[in-house]
Amino acid sequence: MFPYQRGRRMRMSDGVRSLMRENHLRVDDLMMPIFVADDMADKQPIASMPGYYRHTLETLEKEIIQASELGIKAVNLYAKVADDLKDNMGTEALNAEGLMQTTVRKIKEWNPDLLVFTDVALDPYSTYGHDGVVQDGEIVNDETVDILAQMALSHAQAGADFVAPSDMMDGRVLAIREILENNRFGNVGIMSYTAKYASSFYGPFRDALDSAPGFGDKKSYQMDYANALEALREAEQDMYEGADILMVKPGMPYLDILYRVKEFAKMPVAVYQVSGEYAMLKAAGEKGWIDYEKCMLESLYAFKRAGADIINTYFAMEVAGLLKDA
């Protein structure tokens with residue numbers, strides 16, 4: 001009771017605030033998304049993501065070395081393939097010598113200890129830009145899952161540490177776990193995009209990979225952003241199917257989902273601070289409307305406070321540099 005209980009006593013100095021701090025942000029918490037493309041001569045800036053690039057294999061090596069020197073332990077890899085390699089079945093996704101598989105092998109040459117998480121979805125390989133096979137205007141589930149499982153196996157064979165199905169098809173975690181186990185890749189982990197919402201915050205990402213849907217939208221497989229309990233049902237299913245890490249995407253608009261999933265699952269949970277979140281902070285910072293660095297760090301602490309074990313963020317390199325210099 002006041003005046004004997006005074007909360008401000010625990011906030012009176014930097015030393016006291018540090019001692020009382022409940023959550024801490026470390027470089028070890030960060031995962032860095034990477035875009036790699038095979039149809040360009042040099043790295044290309046992504047207009048809607050200031051400071052971020054699509055990389056060639058040649059320019060990626062320098063990026064990987066720099067990230068490793070900053071202490072980043074994990075990267076999340078996305079491949080942008082040429083249009084003439086795309087079809088409805090995502091055939092190029094299974095090419096053992098394809099861009100994704102080749103990039104995984106190269107990263108493991110440059111730094112064998114760096115954890116490589118690979119995106120498993122058909123939209124970068126699809127002529128329709130959807131995460132699944134299209135039949136009569138419908139994104140079909142089971143046929144897609146069969147391809148995703150083979151895709152995940154090809155990533156494991158290339159050296160991926162974790163495969164990360166981002167498609168939201170039903171049953172794909174179980175199919176991936178079974179094909180990995182049956183082919184002696186039981187040590188390869190699965191980071192499932194468990195609660196991936198049909199969000200408007202993905203725009204810059206789709207610019208980066210040229211993967212916007214060619215018709216309709218993704219609401220028949222990505223989640224309705226009005227729903228919360230549905231995320232727990234998805235989490236329960238992924239847990240029992242063999243996921244090792246659950247992912248919530250997007251981040252800041254879905255802190256409540258992140259908290260609920262972590263409290264429910266009691267297992268490692270990742271959050272994806274998506275391209276739209278990155279672009280907004282970048283744009284406001286460039287305009288001088290916010291203190292960019294402070295807001296960036298505050299957003300990451302929000303994820304830690306809500307329960308994230310892993311933060312997949314385009315700010316990874318910047319934050320790692322700040323934390324290293326602190």
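This text follows the structure it describes.
The structure displayed is predicted, hence computed values, not measured ones.

Just checking my understanding: could you explain the pairing of strand S9 (residues 189-196) for this structure?
Put simply, side chains in a regular strand alternate between the two faces of the sheet. Among the eight residues in S9, eight count as buried, and that is most of the element. Sheet topology places strand S8 (residues 162-165) next to S9; two bridges connect them, and they run parallel. From the neighbouring strand, Val163 faces S9, where its bridge partner is Ile190. Here five bridges tie S9 to strand S10 (residues 245-249), and the two strands are oriented parallel to one another. Paired with Ser192 across the two strands is Leu246, which belongs to S10.

Teacher, can you tell me more about the packing of helix H2 (residues 57-69) against helix H3 (residues 99-110) here?
When two helices pack together, their arrangement is given by the angle between the helix axes and by the axis-to-axis distance. For the pair H2 and H3, the least separation of the axes is 10 Å and the interaxial angle reads 40 degrees. The orientation of H2 with respect to H3, classified from their angle, is oblique. As for the relative orientation of H2 and H3, their crossing is right-handed in sense. Packed against H2, whose contacting residues are Leu57, Leu60, Glu61 and Ile64, the element H3 presents Thr102, Thr103, Lys106, Ile107 and Trp110 at the interface. A per-class count over the contact of H2 with H3 returns five nonpolar, two polar and two charged.

Is there a simple way to think about the pairing of strand S5 (residues 115-120) in this case?
Burial analysis of S5 places five of its six residues in the buried class, which makes it a mostly covered element. Sheet topology places strand S4 (residues 74-80) next to S5; four bridges connect them, and they run parallel. Bridge pairing in S5 links Val75 to Val116. The handedness of the S4 to S5 crossover, carried by H3, is right-handed. The pairing of S5 with S8 spans four bridges and is parallel. Looking at the pairing, Thr118 lines up with Val163 of S8.

Hey, could you run me through the packing of aromatic side chains in this one?
Given two aromatic rings, their pairing is described by the distance between the two centres and the angle made by the two planes. Summed over all chains, the structure comprises 15 aromatic pairs. Note on Phe35 and Tyr78: the rings are 5.9 Å apart at their centroids and 45 degrees apart in plane angle, and the pair reads as tilted. Taken together, the positions of Phe35 in strand S1 (residues 30-37) and Tyr78 in strand S4 put the pair 43 residues apart, joining distant regions of the chain. According to the relative accessible area criterion, Phe35 is buried, its value standing at 1%. Measuring from ring centre to ring centre gives 6.0 Å for Phe35 and Tyr314, while their planes differ by 20 degrees; the resulting arrangement is stacked. Placement of the pair is Phe35 in strand S1 and Tyr314 in the loop between strand S12 (310-313) and helix H11 (316-325), with a sequence separation of 279 residues. In this structure Tyr314 comes out as buried when scored by relative accessible area, which is 3%.

Here is what the cut-offs are and how they apply
Residues numbered from 1 in each chain as written. Predicted model: local features only at pLDDT ≥ 70, side-chain atom pairs only at ≥ 80, totals over all residues. Heavy atoms only, no water. Buried < 20%, exposed > 50% of the residue type's maximum accessible area, 1.4 Å probe, protein only. Helix = DSSP H or I, 4+ residues; strand = E, 2+ residues; numbered from the N terminus. Pairing = 2+ DSSP bridges. Axes fitted to C-alpha atoms, helices over the stretch in contact; angles between N-to-C directions. Parallel < 35°, antiparallel > 145°, perpendicular 65-115°, else oblique. Left-handed = near helix turned anticlockwise from the far one by under 90°. Contact = heavy atoms within 4.5 Å. Nonpolar A, V, L, I, M, F, W, Y, C, P; charged D, E, K, R; others polar. Right-handed = clockwise from strand over helix to strand, strands pointing away. Phe/Tyr/Trp six-rings, centres within 6.5 Å; stacked < 30°, edge-to-face > 60°.

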